[in-house]
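# Residue-level structural notes
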There are 2 protein chains.
Amino acid sequence: MRDFLPADVRKREYVIGVIKSVYERYGFEPLETPAVENIETLDGKYGEEGNQLIFKILKRGEHEKTGEADLALRYDLTVPLARVVAQYQNELPKFFKRYQIQPVWRADRPARGRFREFYQCDVDVLGSKSMVVEAELISAASDALIALGFNDFTIRLNHRQVLTGILDQAGVPGDKHNDALISLDKMDKAGPEGVARELSDRGIVDESAVKLMRFFEGLAGAEHAVDLLDLKEAGDGRTAYNADVIGRLVEFIGSHEVGATGVDNLRQILAFSKASAVTQRIKLDPTLARGLAYYTGAIIEINVADLAGSLGGGGRYDNLVGMFLGKDVPACGFSLGLERIIVVMSEREMFPKELISSPADVMVTIWNEDSIADSIALATELRSSGLRVDVYPEADKMGKQFKYASSRGIPFVLILGDDERSAGKISIKNMKTGHQLELPFQEPEDAEPTDQDAAKWKRHRENLFRWLKNPTTVGEADDSIKPGA
Amino acid sequence: MRDFLPADVRKREYVIGVIKSVYERYGFEPLETPAVENIETLDGKYGEEGNQLIFKILKRGEHEKTGEADLALRYDLTVPLARVVAQYQNELPKFFKRYQIQPVWRADRPARGRFREFYQCDVDVLGSKSMVVEAELISAASDALIALGFNDFTIRLNHRQVLTGILDQAGVPGDKHNDALISLDKMDKAGPEGVARELSDRGIVDESAVKLMRFFEGLAGAEHAVDLLDLKEAGDGRTAYNADVIGRLVEFIGSHEVGATGVDNLRQILAFSKASAVTQRIKLDPTLARGLAYYTGAIIEINVADLAGSLGGGGRYDNLVGMFLGKDVPACGFSLGLERIIVVMSEREMFPKELISSPADVMVTIWNEDSIADSIALATELRSSGLRVDVYPEADKMGKQFKYASSRGIPFVLILGDDERSAGKISIKNMKTGHQLELPFQEPEDAEPTDQDAAKWKRHRENLFRWLKNPTTVGEADDSIKPGA
């Protein structure tokens, strides 16, 4: 598990902010659930392997002795959502569109880009079986990635019912479907022949394996043809490829009812996605299986070439809420992987430059012990005008205070020394150029103040504050820091 | 532990956003630490009672059998900060000013306003012993509360060394100081006599108890005098009262060196706070003790009349980092209690009205199965122009779609029906007034499009989008929803 120092937090908050604003544009609302759930809520939802990765919390009271656990750390955001939908069904709208951006915990062996505490950014729609939901989710996730600066991702789309249709029609018996899916999922790495071998190893009869291999070889050929197209044509090529895949699926699945419904769903998702211009990023991929047991319909994964895993994934899970509520509520969701997005954005240097900024717009120095209150009063005034202001906390050598401001990347430093005070001025130092300038600022110490003077000083101060808020008029090469007063 | 439905999340995000922006204005930077720490990190930092409230996580692997715990949930944000400062000392600036807004977990018995998972909003400055730090922290916390709309809070200020001085001078032996502090802390509820009785019960000799009681009775008298002043005079009264308390402390503590240093610190904090105009909210309170063992200097608590506990508290803890680093790093911090702030703000109805808004600016209806893609295309266009747009997910009866939009508080609904389509129009319905209007929107279905027409339709659409973004020109009582086209 990791600490995030300020520069890291700012990166994370930037990404989360962008994703949130896109999801809000799609009418999703925020939900937050506690980090800790009852163990029974999580038990049996993630399969054998997932179950072992759940962090369990010792029961209170006699816990030290019995070792009994009654609570567990949140493992994903989908199961807590299903619990919430069951628990608050009367308070939630007919269609519940929520986003949730919170950490989850898995007792995984840590590895590059894999952490025991990591954030998921989920969007889900509950209450509708319409493929409008799938299309909207795909479009929202795609928009979020585009808003972050990604433009080379592929949205892989498949359907659990289509997979059922394919496997049934290839003659794979129902109890071998899971084995077959695990093998098919490796198509990327192992190729059709490797997968055929594994299918055979898993006890799937050769005739079925051959049928499957012929089908997937055909797809691979069609895909290769698209890969040969140049970028300009890739969009059209993708559309043609998807139409080709639909055709092959119809042919292979034939009259298999469940499978045909799945193909119909895919056709609708493609049609609806065309309207949101996301269709050219979608690639039908009948080898996509996705691990989680609870998917019942469309399954989706978003990939970029330079990342082994996916940037995000999701799908339809019409039966999960039923495990809590006793009656099914249709549901479909998508989860973006914050950590992976940040890894790729960092490697590609996609973060905006102005993001990693200094902790303050200006630092107020402290001239000596006696003038501390004056420095704090100055900082208060600067802050009231909206500036981010650091105060050096001690009456230290001026050189040390400058050095500190420099090391923190604070662009300007203000000095109210004895000379400045008696002359009614303030010194401002540009920490990049080293140039320093005295500006009129307040009543000189021995002056007889008049009302007219007061207005003048007010104007001078306001000019200085305004300029500090937007000092871009002075470039790095400029030999003066003079504000445009 | 609680779920936060959308309206709750928006409240919480509003409060957190305000606090963050104030802390940023003071030059604080964000830090985040993991929810889970090693047990040894937390062990022995919170006293006997605190230790029992730590949630412990079962060790992986053989954990189910042994019941051994190696990890624990974060109990506060201060100890993780001390660990971070020790761990990253070479990466952090000389003065580390960080804010941290994250949940903590305590296995407390749940009660009104007390939860097992709750957020703390901490600011801390590490690296300086200067009282500028205390003054800046008090001012920042005060500004945060003011920015949230609080104007009636009191900042109670005391000093651990002053307490040591008072107890030593009253003749309380060192090993009875903790007992005495626990009793003194009850002054508010039990009054001087009750406290005297408890002191006696705790084995503190009568002579000491009487000395303490005389001192605190004197203070209570002075305080009562301030309470009699009206609000206009309260600020000046507070200043006079604080000066009076300082005088009484000087007299009572006399030449006690540690105590006198504490009084000096308090004097400085008051002087520095004057410069940030926060001084009139500060009330010196020599009965304030605060529970945590690690405080070494100033201690602070912020209260409002209508809340039993405090809105926040903090103080100086110069020795805590030393427990991790082996050498001491001076430190001082303040923690605002998010949950309590929200409780009081809700009860007082302090949240801005525009906060609990609808999930979308406009909802796009679906006319029939065949026009779904058109509705999605329309939503895409609206979203591109920056609007928050919900799409009703199914081709349903129009009345049901309207009803849904109403129930969600969505102010406008757009309809692209067959009539609209053939006439090149769009219907917009104001869900508050029920009024509906047709507007020119696109090429009528049977028209011959020209370039000039295209520009015209574009203008019509832009007008509609612009108006939807800022429809305030139409009031509730207005009998038309006509955008200013």
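Just so we're clear, the structure is a prediction, and the values are computed from it rather than from any experiment.

Next up on the list: the overall build of chain A. The helix and strand inventory of chain A stands at 18 helices and 16 strands. Relative to the compact-globule value of 23 Å for 485 residues, chain A shows a C-alpha radius of gyration of 31 Å, a clear excess of over 25%. Viewed in the frame of its principal axes, chain A has a C-alpha envelope of about 100 × 65 × 40 Å. Here chain A holds 485 residues, and the buried ones make up 56% of them.

Time to look at the relation of the copies chain A and chain B. Note on the identical chains: chain A maps onto chain B by a rotation of 180° and an axial translation of 0.0 Å, with an RMSD of 0.1 Å. Accordingly, the operation relating the two chain copies is best matched by a two-fold axis. Taking the C-alpha atom as reference, chain A places Gly67 of chain A closest to the rotation axis, 1.7 Å from it. Both copies contact each other with a shared surface, as 100% of the interface residues of chain A are interface residues in chain B too.

Before going further, it helps to examine the sheet that holds strand β8 (residues 282-284) of chain B. Residue and element names in this part refer to chain B. With mixed pairing, the eight strands of this open sheet are ordered in space as β1-β5-β6-β11-β10-β9-β7-β8. Each edge of the sheet is formed by a strand with only one pairing partner; in this case those strands are β1 (29-30) and β8. Both strand β10 (residues 312-316) and strand β11 (residues 331-337) contribute to a ladder of five bridges, which runs antiparallel. Each residue of the ladder has a partner; that of Gly312, found in β11, is Leu336. Lying over the sheet, helix α5 (residues 78-87) contacts β5 (96-105) and β6 (117-126), oriented at roughly 40° with respect to β6.

A separate point is the packing of helix α15 (residues 372-384) of chain A against helix α12 (residues 257-275) of chain B. The geometry of α15 of chain A relative to α12 of chain B is characterised by a closest axis approach of 7 Å and an angle of 40° between their N-to-C directions. Along this stretch, α15 of chain A crosses α12 of chain B, giving a crossing that reads as right-handed. Between α15 of chain A and α12 of chain B, the contacting residues are Ile372, Ala373, Ile376, Ala377 and Thr380 of chain A on the first element and Ala271, Phe272 and Ala275 of chain B on the second. Looking at the contact of α15 of chain A with α12 of chain B, its residues break down into seven nonpolar, one polar and no charged.

The next subject is the packing of aromatic side chains. Residues and elements named next belong to chain B. For the structure on display, the rule yields 24 aromatic pairs over all chains. Relative to Phe351, the ring of Tyr14 has its centre 6.1 Å away and its plane inclined at 65°; by these criteria the two rings are edge-to-face. Here Tyr14 is found in helix α1 (residues 6-25), whereas its partner Phe351 is found in the loop between α14 (338-347) and β12 (362-364), with 337 residues between them in sequence. Residue classification places Tyr14 among the partly exposed positions, given a relative accessible area of 23%. Taking NZ or CZ as reference, Arg12 lies 3.9 Å from the ring centre of Phe4, over its face. Lying across the ring of Trp457, Lys456 places its NZ or CZ 4.5 Å from the centre.

A pair can form between side chains of opposite charge whenever their charged atoms are brought close. Within the structure shown, the criterion is met by 59 salt bridges over all chains. Where Glu13 of chain B meets Lys20 of chain A, a salt bridge forms, and the shortest distance between an N and an O atom there is 2.7 Å. In this pair, Glu13 of chain B sits in helix α1 while Lys20 of chain A sits in helix α1 (residues 6-25), so the two residues belong to two different chains. Of the residues examined, Glu13 of chain B reaches a relative accessible area of 29% and is grouped as partly exposed. Its relative accessible area of 23% is what places Lys20 of chain A among the partly exposed residues. Among the salt bridges present, the one from Arg202 of chain A reaches Asp179 of chain A, with a minimum N-O distance of 3.0 Å. Taken as a pair, Arg202 of chain A in the loop between α9 (187-201) and α10 (206-227) and Asp179 of chain A in helix α8 (residues 177-184) lie far apart in primary sequence, 23 residues in all. The class of Arg202 of chain A is partly exposed, set by a relative accessible area of 25%.

A word on the side chain of Ser276 of chain B. Structurally, Ser276 of chain B is set in the loop between α12 and β8. Look at Ser276 of chain B and you get buried, because its relative accessible area is 9%. With residues up to four places along the chain from it excluded, the contact list for Ser276 of chain B reads Ile376 and Thr380 of chain A together with Ser139 of chain B.

All names here are of chain A. On the secondary structure map, Val123 appears in strand β6 (residues 117-126). Overall, the relative accessible area of 0% leaves Val123 in the buried class. Taking the C-alpha atoms as reference points, Val123 and Ser335, separated by 212 residues in sequence, lie 6.4 Å from one another. Beyond its immediate chain neighbours, meaning those up to four positions away, Val123 contacts Tyr23, Phe28, Arg98, Tyr99, Leu137, Cys332, Gly333 and Phe334.

Contacts between chain A and chain B engage 87 residues on the former and 87 residues on the latter. The contact between chain A and chain B buries some 7,300 Å² in all, and 57% of this surface belongs to carbon and sulfur atoms. On inspection of chain A and its partner chain B, the count reaches 15 salt bridges. Here chain A and chain B share 32 residue pairs in polar contact (both at pLDDT 80 or more) between them. The biggest single contributor to the side of chain A that touches chain B is α1 of chain A, with eight residues.

For the rest of this paragraph, the subject is the confidence of the model for chain A. Averaged over every residue, the pLDDT of chain A is 89; the share at 70 or more is 93%. Across the assembled chains, the prediction reports ipTM 0.91 with pTM 0.92.

Pairing between the strands of a sheet is mediated by backbone hydrogen bonds and can be parallel or antiparallel. Residue and element names in this part refer to chain A. Strand order in the open sheet made by the eight strands is β1-β5-β6-β11-β10-β9-β7-β8, with mixed pairing throughout. Of all strands in the sheet, those bounded by a partner on one side alone are β1 (29-30) and β8 (282-284). In this structure, strand β7 (residues 154-159) lies alongside β8, joined through three bridges in parallel fashion. Paired with Arg156 across the two strands is Lys283, which belongs to β8. Set on the sheet, helix α6 (residues 131-148) makes contact with β5 (96-105), β6, β7, β8, β9 (298-303), β10 (312-316) and β11 (331-337); between it and β11 the angle comes to about 15°.

Residues and elements named next belong to chain B. For β11, a buried count of seven out of seven residues is recorded, marking the element as mostly surrounded by other parts of the structure. The alternating pattern of β11 places Ala331, Gly333, Ser335 and Gly337 on one face and Cys332, Phe334 and Leu336 on the opposite face, and all of these are buried. Here β6 runs beside β11; their pairing, made up of seven bridges, is antiparallel. The residue bridging Asp122 from the neighbouring strand is Ser335, located in β11.

This paragraph deals with the pairing of strand β4 (residues 69-73) of chain A. Residue and element names in this part refer to chain A. By the bridge criterion, three bridges tie strand β2 (residues 36-38) to β4 in an arrangement that is antiparallel. Bridge pairing links Asn38 to Leu71 in β4. Where strand β3 (residues 56-58) meets β4, three bridges bridge the pair, whose relative direction is antiparallel. Paired with Ile57 across the strands is Leu71, a residue of β4.

This paragraph deals with the nonpolar core. A general trend in soluble globular proteins is that nonpolar side chains are found buried together. Counting 132 residues, the largest nonpolar core has Ile19, Tyr23, Phe150 and Ile341 of chain A together with Leu382 and Leu468 of chain B as the members making the most contacts within it. The element that contributes the greatest number of residues to this core is α6 of chain A, accounting for 11 residues. Not counting chain neighbours up to four residues away, the residues in contact with Tyr23 of chain A comprise Phe28, Tyr99, Cys121, Val123, Ala140, Ala141, Ala144 and Leu336 of chain A. Judged by nonpolar contacts, the second largest core, of 130 residues, contains Ile155, Val321, Ala331 and Cys332 of chain B.

So, about the state of the cysteines. All names here are of chain A. As enumerated under the stated definition, the model contains zero disulfides over all chains in all. Sulfur of Cys121: no disulfide; nearest cysteine sulfur belongs to Cys332 and is 17 Å away. Residue classification places Cys121 among the buried residues on the basis of a relative accessible area of 0%.

Residues and elements named next belong to chain A. Negative charge collects at one region of the surface, where Glu369, Asp370, Asp418, Asp419, Glu438, Glu445 and Asp446 lie side by side. Along the chain, the position of Asp370 falls in the loop between β12 (362-364) and α15. According to the relative accessible area criterion, Asp370 is exposed, its value standing at 73%.

Here is what the cut-offs are and how they apply
- Residues numbered from 1 in each chain as written.
- Chains lettered and ligands numbered in written order.
- Predicted model: local features only at pLDDT ≥ 70, side-chain atom pairs only at ≥ 80, totals over all residues.
- Heavy atoms only, no water.
- Helix = DSSP H or I, 4+ residues; strand = E, 2+ residues; numbered from the N terminus.
- Rg over C-alpha atoms; globule rule 2.2 N^0.38 Å.
- Buried < 20%, exposed > 50% of the residue type's maximum accessible area, 1.4 Å probe, protein only.
- Least-squares fit on C-alpha atoms with pLDDT ≥ 70 in both.
- Contact = heavy atoms within 4.5 Å.
- Pairing = 2+ DSSP bridges.
- Axes fitted to C-alpha atoms, helices over the stretch in contact; angles between N-to-C directions.
- Left-handed = near helix turned anticlockwise from the far one by under 90°.
- Nonpolar A, V, L, I, M, F, W, Y, C, P; charged D, E, K, R; others polar.
- Phe/Tyr/Trp six-rings, centres within 6.5 Å; stacked < 30°, edge-to-face > 60°.
- Lys NZ or Arg CZ within 6 Å of the ring centre and 35° of its normal.
- Salt bridge = Lys/Arg side-chain N within 4 Å of Asp/Glu carboxyl O.
- Buried area = accessible area lost by both parts, 1.4 Å probe.
- Polar contact = N/O pair within 3.5 Å; in protein donor to acceptor, adjacent residues only side chain to side chain.
- pLDDT = per-residue confidence, 0-100.
- Core = buried A, V, L, I, M, F, W, Y, C linked by side-chain atoms within 4.5 Å.
- Disulfide = S-S within 2.5 Å.
- Patch = residues over 30% accessible without salt bridge, like charges linked within 9 Å, V, L, I, M, F, W, Y side chains within 5 Å.
- Areas by Shrake-Rupley, 256 points an atom, 1.4 Å probe, with all protein chains shown as cover.
- Lys, Arg positive; Asp, Glu negative; His and termini not counted.
- Charge placed at Lys NZ, Arg CZ, Asp CG, Glu CD.

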